[in-house]
Amino acid sequence: YARHAVGLVTIGLAIRAAIEEGAEEFDFLHGDEPYKFRWARAARPLSRFELVAPGARGAVYRWLVAGGRGARRTARRVLGDALAERLAGQRG
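Residues numbered from 1 in each chain as written. Predicted model: local features only at pLDDT ≥ 70, side-chain atom pairs only at ≥ 80, totals over all residues. Heavy atoms only, no water.

Digging into the overall build of the chain
Here's step 1: A count of helical and extended segments in the chain gives 3 helices and 0 strands.
Here's step 2: From first element to last, N terminus to C terminus, the chain shows the α and β order α-α-α.
Here's step 3: Computed over C-alpha atoms, the radius of gyration of the chain comes to 18 Å, more than 25% over the 12 Å expected from 2.2 N^0.38 for 92 residues, which places it beyond the range of a compact globule.
Here's step 4: When its C-alpha atoms are laid out on the principal axes, the chain stretches across 50 × 35 × 25 Å.
Here's step 5: Looking at the chain residue by residue over its 92 residues, the buried ones come to 9%.
Here's step 6: Within the chain, counting contacts between residues at least 6 apart in sequence, those at least 24 apart form 19% of the total.
Here's step 7: Here the chain displays about 8,500 Å² of accessible surface, and carbon together with sulfur accounts for 58% of that area.
Here's step 8: Of note, the chain has its 16 positive side-chain charges centred 10 Å away from the centre of its 10 negative side-chain charges. (Helix = DSSP H or I, 4+ residues; strand = E, 2+ residues; numbered from the N terminus. Rg over C-alpha atoms; globule rule 2.2 N^0.38 Å. Buried < 20%, exposed > 50% of the residue type's maximum accessible area, 1.4 Å probe, protein only. Contact = heavy atoms within 4.5 Å. Areas by Shrake-Rupley, 256 points an atom, 1.4 Å probe, with all protein chains shown as cover. Lys, Arg positive; Asp, Glu negative; His and termini not counted. Charge placed at Lys NZ, Arg CZ, Asp CG, Glu CD.)

Have a look at this one:
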């Protein structure tokens, strides 16, 4: 059904329903996928705030999380976003 733009129509209907319910914003959440910019002129920057346990346990957690983020950035740069996402989806 890609030729009928079912996804695009569905998003349009969701936005219309949100407006009818009084919403002033429709947030596409994280990501800069091209389809989102058919509906929005700009993206807001995201912030991250994490609380971790003090001491060694928290330090290990922060180190592991930072390593995972670095690995994802490297995979995206080397493999490209689409392939990196597909491989990440196969982990589960």
